[in-house]
Every structure is written in C-alpha cells, then in structure tokens.
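Here is how the chains run, residue by residue.
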Amino acid sequence: MNAADASAASGDIKAVIRRWERAIQAGDLDGILARHIEDIVMFDVPGPLQSLGLDAYRRTWDLFFRYGAPHPERFVIEDLRVTAGHDVAFATGLLRIGGSPSPVCRLTLGLVKRDGQWLIAHEHHSAPHALESQETRS
C-alpha cells in the first residue's frame, strides 16, 4: 500500500472509530453496533473473559451503561493511532472512562475491510494491573 492509500485508509478508519465513540457518548446502541462484524471478538476489563459475536457484544454495553448515563465525557479516546494495510488494520488509543481526568484504560481495535467498508472485528480493553512487588514498594 502506498503512502497516499495508507493515509486515506487511516482517515477512513479514524472516522469509523470517532463515530463509534460519539455513539457511546450518546448512548446510541444502534450506532455503537454499526460497523462491527457479526462474529466480533471482544476482550473487556470486566468479565466475561471474552465476548463472542454481536449479541454478546451488545450485552456488554448494558453493563457499561448500568454504571453511568451517556455523556460526552463518559468514553473519550485519546492518542488514537492507526496502522492500515489493504484490507486489515489495527488502532490503539487510551481511554478516559466515566469522566476520568486522565486515561485509565487501553484500547486496541482490529478492523477488516469488506465491500469497501472498514468494520471492527476485534475490540480489546485493558487496564494496568500492579504486580504484588510493585504494590509493596509504594
């Protein structure tokens, strides 16, 4: 992929991700689910260990919104970076959740291009976890 194509793909992917982010902030479940493949795999911070498929993914948002109403500061992606190939890509970012003043989670998205559209195929949220030796030094 040449630099111009990679730049265009990166812009298209960022637009998909920013629409998804705004849908989360608005509590728009249809918008949240849009541009995801039917057999999405998600690894989230709270259980279950993995969510397989769009129905399981949909249920994770019920849990998310149980802990707070939709709001523009509820889910904010910072430091969004995209690496795109011809038909696969990944994006990374840091998440501010629930109005946190600084990022508290990491985000990785895997995307595939199908019929000319970028779709989210994998979503992974993670949070730093101090190891016991780190905790005792504090």
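Above this text sits the structure in question.
One structure accompanies this document, and this report is about it.

Some remarks on the overall build of the chain
The secondary structure content of the chain amounts to four helices and six strands. Reading the chain from its N end, one meets helices and strands in the order α-α-β-β-α-β-β-β-β-α. In terms of overall size, the chain behaves like a compact globule, its C-alpha atoms giving a radius of gyration of 16 Å where 138 residues would be expected to give roughly 14 Å. Classification of the 138 residues of the chain by burial places 37% in the buried group. Here the analysis covers contacts within the chain between residues at least 6 apart in sequence; of these, 45% occur between residues at least 24 apart. Counting only carbon and sulfur atoms, one obtains 53% of the accessible surface of the chain, whose full area is about 8,000 Å². Side-chain charges of the chain comprise 15 positive and 18 negative groups, with the mean position of each set lying 3 Å from the other.

Here's the deal with the pattern of salt bridges
By the definition in use, this model includes five salt bridges. Between Arg58 and Asp55 there is a salt bridge, with the nearest N and O atoms lying 2.6 Å from each other. With Arg58 and Asp55 both in helix H3 (residues 54-66) and three residues apart, this pair spans about one turn of that helix. Its salt-bridge partner being Asp79, residue Arg81 comes within 3.1 Å of it at the nearest N-O pair. Three or more residues are tied together by salt bridges with common partners; here these are Glu73, Glu78 and Arg96.

Brief notes about the layout of surface pockets
Of the volumes computed, that of the largest pocket is approximately 270 Å³. Along the walls of the largest pocket sit 15 residues, with Asp44, Pro46, Phe64, Ile97 and His125 positioned nearest its centre. Looking at the lining of the largest pocket, the elements that each hand over two or more residues are H3 and strand S4 (88-97). Broken down by class, the residue content of the lining of the largest pocket amounts to 11 nonpolar, two polar and two charged.

Reading guide: rules and limits
- Residues numbered from 1 in each chain as written.
- Predicted model: local features only at pLDDT ≥ 70, side-chain atom pairs only at ≥ 80, totals over all residues.
- Heavy atoms only, no water.
- Helix = DSSP H or I, 4+ residues; strand = E, 2+ residues; numbered from the N terminus.
- Rg over C-alpha atoms; globule rule 2.2 N^0.38 Å.
- Buried < 20%, exposed > 50% of the residue type's maximum accessible area, 1.4 Å probe, protein only.
- Contact = heavy atoms within 4.5 Å.
- Areas by Shrake-Rupley, 256 points an atom, 1.4 Å probe, with all protein chains shown as cover.
- Lys, Arg positive; Asp, Glu negative; His and termini not counted.
- Charge placed at Lys NZ, Arg CZ, Asp CG, Glu CD.
- Salt bridge = Lys/Arg side-chain N within 4 Å of Asp/Glu carboxyl O.
- 1 Å grid on protein atoms, 1.4 Å probe; cavity = no way out; pocket = protein on both sides within 12 Å on 5 of 7 lines; lining within 4 Å.
- Points joined across faces, edges and corners; volume = space filled by probe spheres on them.
- Nonpolar A, V, L, I, M, F, W, Y, C, P; charged D, E, K, R; others polar.

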